[in-house]
Amino acid sequence: MINLLIILLYAIGNQFQISLIGSMSISDIGVLLFFIYLPTNRKLVDKLIKDKDIIHISLLYLALFIAQLVSETILGNTFANCAKSVAVTILSFLKFIFLWLLITRKEGNIKWLLLFTCIATTLFKDSNQIETAGITDLENMGFMKFYLAPLVSDFIVLATLYFNKRTNYLLFIIGGIVLVSMGARSSGLILLLTGLIAIFILSLKEINKFILITRGIFLTLSCYVLYVCYVNAVLSGIITTGNSGQTKLQKNPYNPIEALFMGRSESASSFAAISDSPWIGKGSWAYDRRYKYNILIARARGEHLDKNQLATNGIPSHSVILGYGVNNGVFAMIIITLIIVYFCHKGIKSLSRDNPYLYLIIYCIISLVWNSLFSPTSHFRYSFPEVFVYCFFSYK
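Just so it is clear, the structure is predicted and the values come from calculations on it, not from any experiment.

1. Brief notes about the overall build of the protein chain
Along its length, the protein chain carries 19 helices and two strands. Looking at the protein chain as a whole, 50% of its 396 residues are labelled buried. Considering only contacts within the protein chain whose residues lie at least 6 apart along the sequence, 70% involve residues at least 24 apart.

Right, dumping it as structure tokens:
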């Protein structure tokens, strides 16, 4: 009963932010208080130090922390910016350890964590995403992309944990198509891929190179056919929501690589910023003083930069991995990549037809890869710890 109460309070606390070293949730403070208590509980300490995987993860996080400190110190960044930067890494690690200890106390806790997260998000909205400012109604696409679509996705995943049917892949495929048609392309694509990959895994009785290649080709072609259907729907005016305007601006709308580059044009500025200062980065919250990197984004989109419309004059980076590279250099970027690959590897190794968490793990792996490449660095602190725990728990 105490476990359930802690999980509930954690889920609710995640929805409320206070101003402390940037922005922290009430749950973040609760996790920090837990680590003040942790050294007094010998049983929990022994559980952590005797687990080789936990030690491995801890060393990777420590290396990332050191790389950030060295970078920020050499650059002479302000204490406030440095503190906010390393806080992302520290809280990501502490939340992972906290959730790992909580989840492993009882196997059913993994279902309760996802359930209470869905309920808390429904009742209090998701305030821990920086992009959600101003989401109040369905006319605002921010509501769909950053609140409703992730919530629908979580409920679909949750349903597969409580109703273990072999045809659950239909929920993901139908849900993905609906979300894409409503303008939430990223969330819809992740659901769609989860359903298609689940079909792939569930149909495998034995794995060999020929089966992997043929099924992989079929899966790739299926995704492209669905993409062509989406493009046709946009060009014919059936779909007008979301970023459908970007599709119409493409030279070749049937080229998914071009669509990805136009939708995530911040990558161009990130690579440029990293190449300008590869070893130590630019520092957290560094200014784009001559608008060099914002101009690169505008050019990639075929637009003219209007400096008056910029929300901030920072170096734009819409990627967890590239964001660490921009802020703290290639060493930090490599280390965070190793952390993400580590958990993806654990999740992939746990995939099997008989795994009751099959859909959850597929969804987590795809989300982890997507957000690592195309979402802000804040995801490393907000959403990644739970995803890490799900993959790690399924493997262990």
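Resuming the write-up.
2. Describing the packing of aromatic side chains
The relation between two aromatic rings is expressed through the spacing of the ring centres and the mutual angle of the planes. Considering all chains together, one arrives at 22 aromatic pairs under this definition. For the ring pair Tyr-10 and Phe-98, a centre distance of 5.7 Å and an interplane angle of 35° mean the geometry is tilted. Taken together, the residues Tyr-10 in helix α1 (residues 2-13) and Phe-98 in helix α5 (residues 79-103) connect sequence positions 88 residues apart. Classification of Phe-98 by relative accessible area gives buried; the value is 10%. The structure contains a cluster of three or more aromatic residues connected by ring pairs, namely Tyr-61, Phe-93, Phe-96, Trp-100, Tyr-324, Tyr-342, Phe-343, Phe-380, Phe-384, Phe-388 and Phe-392. One residue, Lys-111, lies across the ring of Tyr-162, its end atom 5.5 Å from the ring centre.

3. A look at the layout of surface pockets
For the second largest pocket, the calculated volume is near 540 Å³. Together, 18 residues line the second largest pocket, and Ile-6, Phe-34, Phe-98, Leu-102 and Arg-105 are the ones closest to its centre. Residue assignment for the lining of the second largest pocket shows that the elements contributing at least two residues are α1, α2 (26-37), α3 (42-49) and α5. A class-by-class count of the residues in the lining of the second largest pocket yields 11 nonpolar, four polar and three charged.

4. Brief notes about the pattern of salt bridges
Counted under the stated rule, the structure contains four salt bridges. Of the charged contacts, one joins Lys-95 and Asp-28 as a salt bridge, the two residues approaching to 3.3 Å between their closest N and O atoms. Taken as a pair, Lys-95 in helix α5 and Asp-28 in helix α2 lie far apart in primary sequence, 67 residues in all. A salt bridge links Lys-346 to Asp-53; the shortest N-O distance between them is 3.5 Å. Taken together, the residues span a long stretch of sequence, with Lys-346 in helix α16 (residues 330-349) and Asp-53 in helix α4 (residues 52-75) at a distance of 293 residues. As far as burial versus exposure is concerned, Lys-346 and Asp-53 are alike and both buried. Several salt bridges converge on common partners, so that one network encompasses Asp-28, Lys-95 and Arg-381.

5. A closer look at helix α9 (residues 185-202)
Its 18 residues place the ends of α9 26 Å apart at the C-alpha level, agreeing with the 26 Å of an ideal helix rising 1.5 Å per residue. All buried positions along α9 are accounted for by Ser-187, Gly-188, Ile-190, Leu-191, Leu-192, Thr-194, Gly-195, Leu-196, Ala-198, Phe-200, Ile-201 and Leu-202.

6. Details of the environment of Gly-183
Relative to the helices and strands, Gly-183 is located in the loop between α8 (169-181) and α9. Take Gly-183: its relative accessible area is 3%, and that puts it in the buried class. As a C-alpha pair, Gly-183 and Lys-145 span 38 residues in sequence and 7.5 Å in three-dimensional space.

7. Section: the confidence of the model for the protein chain
Caution applies to low-pLDDT parts of the model: their predicted coordinates are not meant to be read in detail. Overall, the predicted model of the protein chain reaches an average pLDDT of 82, with 85% of residues at or above 70. Put simply, helix α11 (residues 244-249) is where the protein chain has its lowest mean pLDDT, 67, and α16 is where it has its highest, 94. Segment residues 126-139: pLDDT under 50, and 30 contacts once partners within four positions in sequence are set aside and those in other chains are kept.

8. Section: the environment of Gly-175
Inspection of the secondary structure assignment puts Gly-175 in helix α8. Note: C-alpha distance between Gly-175 and Gly-195 (20 residues apart in sequence) is 9.5 Å.

9. Structural notes on the nonpolar core
Among the nonpolar cores identified, the biggest contains 91 residues, and Phe-96, Ile-339, Phe-343, Leu-360, Phe-380 and Phe-388 are the most heavily contacted of them. It is helix α17 (residues 358-374) that contributes the most residues to this core, 12 residues altogether. The residues contacting Leu-360, other than those within four sequence positions of it, are Ile-110, Leu-114, Val-157, Leu-161 and Tyr-390.

10. Describing the packing of α1 against helix α6 (residues 109-124)
Viewed as axis vectors pointing N to C, α1 and α6 meet at an angle of 35°, and their least axial separation amounts to 8 Å. The handedness of the crossing between α1 and α6 is right-handed. Across the interface between the two elements, Asn-3, Leu-4, Ile-7, Leu-8, Tyr-10, Ala-11 and Ile-12 from α1 touch Asn-109, Trp-112, Leu-113, Phe-116, Thr-117, Ala-120 and Phe-124 from α6. Its residues placed into classes, the contact of α1 with α6 shows 11 nonpolar, three polar and no charged.

11. Describing the side chain of Thr-194
Tracing the backbone shows Thr-194 in helix α9. Each residue touching Thr-194, except ones within four places of it in the same chain, is listed here: Phe-172, Tyr-359, Ile-362, Tyr-363 and Ile-366.

Definitions and limits used
- Residues numbered from 1 in each chain as written.
- Predicted model: local features only at pLDDT ≥ 70, side-chain atom pairs only at ≥ 80, totals over all residues.
- Heavy atoms only, no water.
- Helix = DSSP H or I, 4+ residues; strand = E, 2+ residues; numbered from the N terminus.
- Buried < 20%, exposed > 50% of the residue type's maximum accessible area, 1.4 Å probe, protein only.
- Contact = heavy atoms within 4.5 Å.
- Phe/Tyr/Trp six-rings, centres within 6.5 Å; stacked < 30°, edge-to-face > 60°.
- Lys NZ or Arg CZ within 6 Å of the ring centre and 35° of its normal.
- 1 Å grid on protein atoms, 1.4 Å probe; cavity = no way out; pocket = protein on both sides within 12 Å on 5 of 7 lines; lining within 4 Å.
- Points joined across faces, edges and corners; volume = space filled by probe spheres on them.
- Nonpolar A, V, L, I, M, F, W, Y, C, P; charged D, E, K, R; others polar.
- Salt bridge = Lys/Arg side-chain N within 4 Å of Asp/Glu carboxyl O.
- Expected span 1.5 Å × (residues − 1).
- pLDDT = per-residue confidence, 0-100.
- Core = buried A, V, L, I, M, F, W, Y, C linked by side-chain atoms within 4.5 Å.
- Axes fitted to C-alpha atoms, helices over the stretch in contact; angles between N-to-C directions.
- Left-handed = near helix turned anticlockwise from the far one by under 90°.

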